[in-house]
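The lines below spell out each chain.
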There are 2 protein chains.
Amino acid sequence: MAGAQPNARSRLVDAAIESFAAKGFHGTTTRDIASAAGMSPAAVYVHHKSKEELLYLISKEGHERTLRLVEDGIASSADPVAQLRAVMHAFAAHHARGHTGARIVNYELAALNDEHLAEISEYRRAIERRMRDVVTAGVTAGVFATSNPRMTALALLSLGIDVARWYRDEGDWSPEDIGDHYCELALRMVGAASP
Amino acid sequence: MAGAQPNARSRLVDAAIESFAAKGFHGTTTRDIASAAGMSPAAVYVHHKSKEELLYLISKEGHERTLRLVEDGIASSADPVAQLRAVMHAFAAHHARGHTGARIVNYELAALNDEHLAEISEYRRAIERRMRDVVTAGVTAGVFATSNPRMTALALLSLGIDVARWYRDEGDWSPEDIGDHYCELALRMVGAASP
DNA sequence: GCTGCACGGCTAAGCGCTTGCTTAGTGGTA
DNA sequence: TACCACTAAGCAAGCGCTTAGCCGTGCAGC
């Protein structure tokens, strides 16, 4: 019936993101994904090896983007205060704007197979390390003051990640609003000197 | 073979908590639950109406406990600073200690049916209202200072909830450690005067 | 104190359906 | 004619849940 669609593969990925985010990996059937992409169930397997690999693809892409975003924030300045501001703003706004994908990235790790999970965990450790480094750099420089830099760094990421859980597009706040306020919260959490 | 077990019903609930937390509601089969409780698949339906109702039971119990915990923290004092300290300590420590159940409470809402979800959502709104009231009371009293009390209150709950996602029993920190540090973070987030 | 039997917790077996995925083939393009 | 994107049909396995019946227990009648 339909001829070749040049973007069928990515349409399937988009459909999978929508479905996994709404119903979870195990709550989504390959038929859900196919019909959300406007194709027959078999089309999924023309373009992708398995349902799990589709999840891995989404998870990997999402983690890469998040790591890049954190690294860009750090690279934007040599000052820990400015770094934290940049990272937290981008991180929180991203988890609001991209909450659909971010839900999969953060809440469907257990559905990955062992090999894929090991690879994805590496990204997560890298992200945590980057944030920890920003906080400890600020403490060392005397511009931050916190009794437990490691837990504080984890809490900063945790706070940003959880935005993906509660954020709604129809809500009162834009991703930008959230980025702004979370910036203020982050600076307070690390005990940065008041402006 | 086996005789009557007086606690079979609650053993099935415990098994469901373990299974749902580890593999998610849709990733868990009724056979998983039964065998984790040391029973045959049919035993689940002797004591519970359906798999969904088992989830509802766990979710309701968990939400009740969380709401009570927040209310107890507020009732412990008339001072917003002391109230926030009590609530945040209990809330964060609870999400660490009870991370297994808390994961179901916070991440499996979408698997509830419409009627059950409506009931559970009422609990969540009540919890949010309580936290918002503490923050606004502090702002009104002049002991807290934040540019967006509503978002700050949501962030406080969000921070506590996400503990359930990342906390591991084998980690370096006890629930008490987390309660202590999250207290400090919370007071900073609301802009409480330094001690 | 013993027997017979109703009761209720639990299981073996399996029903109808859905799952992830495969196979064989169709139809448009070059 | 060869190719490629895609589908119709369906397979084996696993799903939530039901049914029929077993077995240990407790109690009425003797």
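Heads up: these notes are all about the structure in this document. Remember, it's a predicted structure, so these values are computed and weren't measured experimentally.

Let us now look at the relation of the copies chain A and chain B. Structural alignment of chain A on chain B gives an RMSD of 0.0 Å, achieved by rotating through 180° and translating 0.0 Å along the axis. This pairing of chains is accounted for by a two-fold axis. Here 100% of the interface residues in chain A have copies in chain B that are interface residues too; the copies meet face to matching face.

On to the protein's contact with DNA strand C, then. Close to DNA strand C lie 18 residues; Thr29, Thr30, Tyr45 and Lys51 of chain A together with His47 of chain B are nearest. Take the atoms of DNA strand C that sit within 4 Å of the protein: sugar and phosphate atoms are 60% of them. Here a phosphate oxygen of DNA strand C sits 3.1 Å away from a polar atom, N or O, in the main chain of Thr28 of chain A. Contact between DNA strand C and Thr30 of chain A: a phosphate oxygen at 2.8 Å from a main-chain N or O atom of the residue. Residue assignment for the surface near DNA strand C shows that the elements contributing at least two residues are helix H2 (30-36) of chain A together with helix H3 (43-47) of chain B. Among the elements that line the surface near DNA strand C, the one with the most residues is H3 of chain B, at three residues.

Another point: the protein's contact with DNA strand D. Lining the immediate surroundings of DNA strand D are 19 residues, of which His47 of chain A together with Thr29, Thr30, Tyr45 and Lys51 of chain B lie closest. Restricting the count to atoms of DNA strand D within 4 Å of the protein gives a sugar and phosphate share of 61%. A distance of 3.5 Å separates a base oxygen of DNA strand D from a polar atom in the side chain of Arg31 of chain A. A distance of 2.4 Å separates a phosphate oxygen of DNA strand D from a polar side-chain atom of Tyr45 of chain B. Considering each element in turn, the surface near DNA strand D owes the most residues, three residues, to helix H3 (residues 43-47) of chain A. Class assignment of the residues belonging to the surface near DNA strand D gives a composition of eight nonpolar, eight polar and three charged.

Glancing now at helix H1 (residues 8-23) of chain A. All names here are of chain A. In a regular helix each residue adds 1.5 Å, so 16 residues correspond to 22 Å; H1 covers 22 Å between its end C-alpha atoms and thus fits that length. Restricting attention to buried positions, one finds in H1 the residues Ala8, Leu12, Val13, Ala15, Ala16, Ser19, Phe20 and Ala21. Looking at the packing, one finds that the buried side of H1 touches H2, H3, helix H4 (51-75) and helix H6 (99-107). The first or second residue beyond H1 is Gly24, which carries a positive phi of 80°.

All names here are of chain A. Checked against the element boundaries, Glu52 lands in helix H4. Of the buried charged residues, Glu52 lacks a salt bridge, with Lys49 as the closest side chain of opposite charge at 7.3 Å. Engagement of the side chain of Glu52 in a polar contact is seen with the backbone nitrogen of Asn113, the distance being 2.9 Å. Side-chain polar atoms of Glu52 contact the side chain of His116, separated by 2.9 Å.

Let's shift gears to the pattern of salt bridges. All names here are of chain A. In the structure shown here, the tally under the stated rule is 18 salt bridges over all chains. Glu184 is the salt-bridge partner of Arg188, the closest N and O atoms lying 3.8 Å from each other. Here Arg188 pairs with Glu184, and both are found in helix H10 (residues 175-189), just four residues apart, close to one helical turn. If you follow the salt bridges from partner to partner, you end up with Glu122, Arg125 and Arg129 in one network.

Residue and element names in this part refer to chain A. For the pair helix H5 (residues 80-97) and helix H7 (residues 114-141), the least separation of the axes is 9 Å and the interaxial angle reads 150°. Classified by the interaxial angle, the pair formed by H5 and H7 is roughly antiparallel. Like other packed secondary-structure pairs, H5 and H7 cross with a definite hand, here left-handed. Facing Pro80, Gln83, Leu84 and Val87 of H5, the residues of H7 in contact are Met131, Val134, Ala137 and Gly138. Broken down by class, the residue content of the contact of H5 with H7 amounts to six nonpolar, two polar and no charged.

Here we take up the interface of chain A and chain B. On the chain B side, the residues contacting the 35 residues of chain A number 35 residues. Considering only the surface of chain A that becomes buried against chain B, Met151, Trp173 and Arg188 of chain A emerge as the three largest contributors, covering 24% of it. The tally of links from chain A across to chain B stands at two salt bridges. Among the ionic pairs, Arg150 of chain B bridges to Asp172 of chain A, the shortest N-O distance being 3.6 Å. Put simply, chain A and chain B have 10 residue pairs in polar contact (both at pLDDT 80 or more) between them. Elements supplying a minimum of two residues to the side of chain A that touches chain B: H1, H6, helix H8 (149-161), helix H9 (163-166) and H10 of chain A. In terms of residue class, the side of chain A that touches chain B is made up of 16 nonpolar, 10 polar and nine charged.

For the rest of this paragraph, the subject is the packing of aromatic side chains. Taken as a whole, this structure holds seven aromatic pairs over all chains when the rule is applied. Judged by centre distance (4.8 Å) and plane angle (35°), the ring pair of Tyr107 of chain A and Tyr107 of chain B falls under tilted. With Tyr107 of chain A in helix H6 and Tyr107 of chain B in helix H6 (residues 99-107), this pair bridges two chains. On the basis of relative accessibility, which here comes to 22%, the residue Tyr107 of chain B falls in the partly exposed class. Ring centres of Trp166 of chain A and Tyr167 of chain A lie 6.5 Å apart, and the angle between their planes is 55°; this geometry places the pair in the tilted category. A relative accessible area of 5% places Tyr167 of chain A in the buried class. Feature note: the residues Trp166, Tyr167 and Trp173 of chain A constitute an aromatic cluster, connected by ring pairs. Across from the ring centre of Phe25 of chain A, 4.4 Å away, lies the NZ or CZ of Lys51 of chain A, which sits over that ring.

About the criteria used
Residues numbered from 1 in each chain as written. Chains lettered and ligands numbered in written order. Predicted model: local features only at pLDDT ≥ 70, side-chain atom pairs only at ≥ 80, totals over all residues. Heavy atoms only, no water. Least-squares fit on C-alpha atoms with pLDDT ≥ 70 in both. Contact = heavy atoms within 4.5 Å. Near = heavy atom within 4 Å. Polar contact = N/O pair within 3.5 Å; in protein donor to acceptor, adjacent residues only side chain to side chain. Helix = DSSP H or I, 4+ residues; strand = E, 2+ residues; numbered from the N terminus. Nonpolar A, V, L, I, M, F, W, Y, C, P; charged D, E, K, R; others polar. Expected span 1.5 Å × (residues − 1). Buried < 20%, exposed > 50% of the residue type's maximum accessible area, 1.4 Å probe, protein only. Lys, Arg positive; Asp, Glu negative; His and termini not counted. Salt bridge = Lys/Arg side-chain N within 4 Å of Asp/Glu carboxyl O. Axes fitted to C-alpha atoms, helices over the stretch in contact; angles between N-to-C directions. Parallel < 35°, antiparallel > 145°, perpendicular 65-115°, else oblique. Left-handed = near helix turned anticlockwise from the far one by under 90°. Buried area = accessible area lost by both parts, 1.4 Å probe. Phe/Tyr/Trp six-rings, centres within 6.5 Å; stacked < 30°, edge-to-face > 60°. Lys NZ or Arg CZ within 6 Å of the ring centre and 35° of its normal.

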